[in-house]
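So you can see what is in the structure, the chains are spelled out below.
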Amino acid sequence: MKFETVIGLEVHVELSTQTKLFCSCKNSFGANPNTLVCPVCLGMPGVLPVVNKEAIEKHIMAALAVGCRIPEHSKFDRKNYFYPDMPKNFQTSQYDLPLALGGSLEINLPDGEKKVIGITRIHLEEDTGKSKHAGETGSIVESDYTLLDYNRAGVPLLEIVSEPDMRTPEEAYQYLNELKKILVWLGVSDCKMEQGSLRCDANISIRPEGQEEFGVKAEIKNMNSFRSVRSALLYEEKRQREVIESGGRIIQETRGWEEDRGITVSMRSKEEAHDYRYFPEPDLPPMVVDKEWIERAKQKLPELPGERKLRFAAEYGLPEYDSGILNLSRSISDFFEEAAKLSGDPKQTSNWLMGDILKYLNQNELEIHETRLKPEALAEMINLIKKDVISGKIGKDLIEELLKNGGNPEEIVEKRGWKQISSGDDLLPVIKQVVDDNPKVLTQYLEGKESVKGFFVGQVMKKTAGKANPALVGKMMDEELERRKNNR
Ligand SMILES: [Zn+2]
């Protein structure tokens, strides 16, 4: 039987606000356990929450960027459950009236096609504390004891729920990448999965091809990278198919991904919404986001990657390919724009960024703002090459120096003696020397094998440590070889 896979994702993203959602504790990662806490986020009796306006604004920005609508009225609800990671015994979340509804995200598929994935809703809630299962086993299912850190309790968290529109694990992977790109671009979250500021649960079910009704789904948790999400879904897709094909039945449950073993294991049967006994949070009034507020948020929204990609192509005459690469991250995109304006040569700026610079960033796992290179320096370097002060080959050494140590390109060129040799008087002795040193190659040339000229030019470049002006060397080499031919 042929099966179709149905995947929906729930993505949790911590907002990068100054303070937590309902109190003034600092929202930050990496502090000593239980140092960023107060009576409010520890859920002491009698405390009252106050909503953080910055969190609402960042939520609205994220929602608008993925085309959600912001209902005028929304409210917070209590999601009741007992886990030690939330000392109040409930989590303040949003149930039936979330802050944002009905958006979408366009993803790129490996075959070059595009697909639109629906976003059902985005709601705002407080994050829970962190449990660390410790002891000998350290496993998620059983552990000797558990340590609790409430620094994270109360950090503002977006829950972005997709429609069950994805049909392959690869589509889920692409969706996550696209979502992260936009959220980081907006500056609402750093989306660092390794620090837990982006987390993803995946719902997956399979159904016979052509069947309208969804199959029974499993929810997969504990994946700590986008690659793990893809692997876990691939595993689960296969597992469910095998269960059905062998006459079994899928049960609705939560399963945990065990990275080391490459399998999912049953954790518990899945809760239904009514298990949480949601009710409106009595300590917070319903929220009203009026049209003016939404309008103001729209004004603050930066130019988004898709729009900027089109503008770069139109304004700087860049090929669509270049424009796409430059707009994979906001930092590269901003850097390009500044450097292109200063250099007056957008295409060369793009070439350096997409070539040597991106290669360096990837190799060293850095963002461009984490290097010492400045847009002014890249622009100046491009102009040094255009004015024949340095060769393109030296440019490669110079860019690496600028990325590592920064500085002023002209001063570095001066200090390192990297100036291009563009004087015929300086080059002629080297050219003569190279020809004299390679009599066999010269003979080949004289016998008609003109392609060996490339070898001679290469030798001159080598002898001058890449500093010779290649065009001039080519021209002078022609003259020199011509002379040898005539003097035979
Ligand atoms: Zn607090």
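This one's a predicted model, so the numbers in the text were calculated from it and none came from an experiment.

Undergrad: Please clarify how the packing of helix α8 (residues 346–364) against helix α10 (residues 392–405) should be interpreted in this entry.
TA: Helix packing for two helices is described by the angle between their axes and how far apart those axes are. With their axes 10 Å apart at the nearest point, α8 and α10 run at an angle of 50° to one another. One finds that α8 runs oblique with respect to α10. Crossing of α8 against α10: the hand is right-handed. Residues W352, D356, I357 and Y360 of α8 pack against G392, G395, K396, I399, L403 and K404 of α10. Residues that form the contact of α8 with α10 fall into these classes: five nonpolar, two polar and three charged.

Undergrad: Can you walk me through the pairing of strand β3 (residues 77–80) in this structure?
TA: Relative to strand β4 (residues 90–93), β3 runs antiparallel, the two being bridged by four bridges. When the sheet's bridge partners are listed, K79 is paired in β4 with Q91.

Undergrad: Would you take a moment to explain a negative patch on the surface for this structure?
TA: A cluster of acidic residues, E72, D290, E292 and E295, forms a negative patch on the protein surface. Position of E72 among the secondary structure elements: in the loop between α1 (53–65) and β2 (73–74). The exposure class assigned to E72 is partly exposed, which follows from its relative accessible area of 44%.

Undergrad: Would you explain the domain arrangement of the chain in this entry?
TA: Buried accessible area, meaning the area lost when the parts come together, often serves as the stated size of an interface. Assigned domains of the chain: these are domain 1 (3–294), domain 2 (303–416) and domain 3 (424–486). The distance between the C-alpha centroids of domain 1 and domain 3 comes to 66 Å.

Undergrad: Looking at this structure, how should I read helix α14 (residues 453–463)?
TA: In an α-helix there are 3.6 residues to a turn, and that puts residues three or four apart on one side. Here α14 has its buried residues at F456, V457, V460 and M461. For α14, the angular spread of buried residues about the axis comes to 140°, placing them on one side. Away from its buried face by more than 90 degrees, α14 exposes K462 and K463. In the core, the buried residues of α14 are packed alongside α12 (424–437), α13 (439–446) and α15 (470–486). Remark: A465 follows α14 within two positions and exhibits a positive phi of approximately 55°.

Undergrad: Help me understand the pattern of salt bridges in this model?
TA: Following the criterion strictly, the structure yields 42 salt bridges and no others. One salt bridge connects R167 with E4, and the closest N-O pair in it is separated by 3.4 Å. Linking R167 in the loop between β9 (156–162) and α2 (169–186) with E4 in strand β1 (residues 3–14), this pair joins segments that are 163 residues apart in sequence. A salt bridge links E242 to K238; the nearest nitrogen and oxygen atoms lie 3.5 Å apart. With a gap of four residues between them, E242 and K238 both fall in helix α3 (residues 226–245), about one helical turn apart. Residue class for E242 comes out partly exposed when judged on its relative accessible area of 44%. Overlapping salt bridges, with partners in common, bring together E303, R308, R311, E315, R330, D334, E337 and K341 in one network.

The rules behind these values
Residues numbered from 1 in each chain as written. Predicted model: local features only at pLDDT ≥ 70, side-chain atom pairs only at ≥ 80, totals over all residues. Heavy atoms only, no water. Axes fitted to C-alpha atoms, helices over the stretch in contact; angles between N-to-C directions. Helix = DSSP H or I, 4+ residues; strand = E, 2+ residues; numbered from the N terminus. Parallel < 35°, antiparallel > 145°, perpendicular 65-115°, else oblique. Left-handed = near helix turned anticlockwise from the far one by under 90°. Contact = heavy atoms within 4.5 Å. Nonpolar A, V, L, I, M, F, W, Y, C, P; charged D, E, K, R; others polar. Pairing = 2+ DSSP bridges. Patch = residues over 30% accessible without salt bridge, like charges linked within 9 Å, V, L, I, M, F, W, Y side chains within 5 Å. Areas by Shrake-Rupley, 256 points an atom, 1.4 Å probe, with all protein chains shown as cover. Salt bridge = Lys/Arg side-chain N within 4 Å of Asp/Glu carboxyl O. Lys, Arg positive; Asp, Glu negative; His and termini not counted. Charge placed at Lys NZ, Arg CZ, Asp CG, Glu CD. Buried < 20%, exposed > 50% of the residue type's maximum accessible area, 1.4 Å probe, protein only. Domains from an automatic or database assignment. Arc of directions from axis to C-beta.

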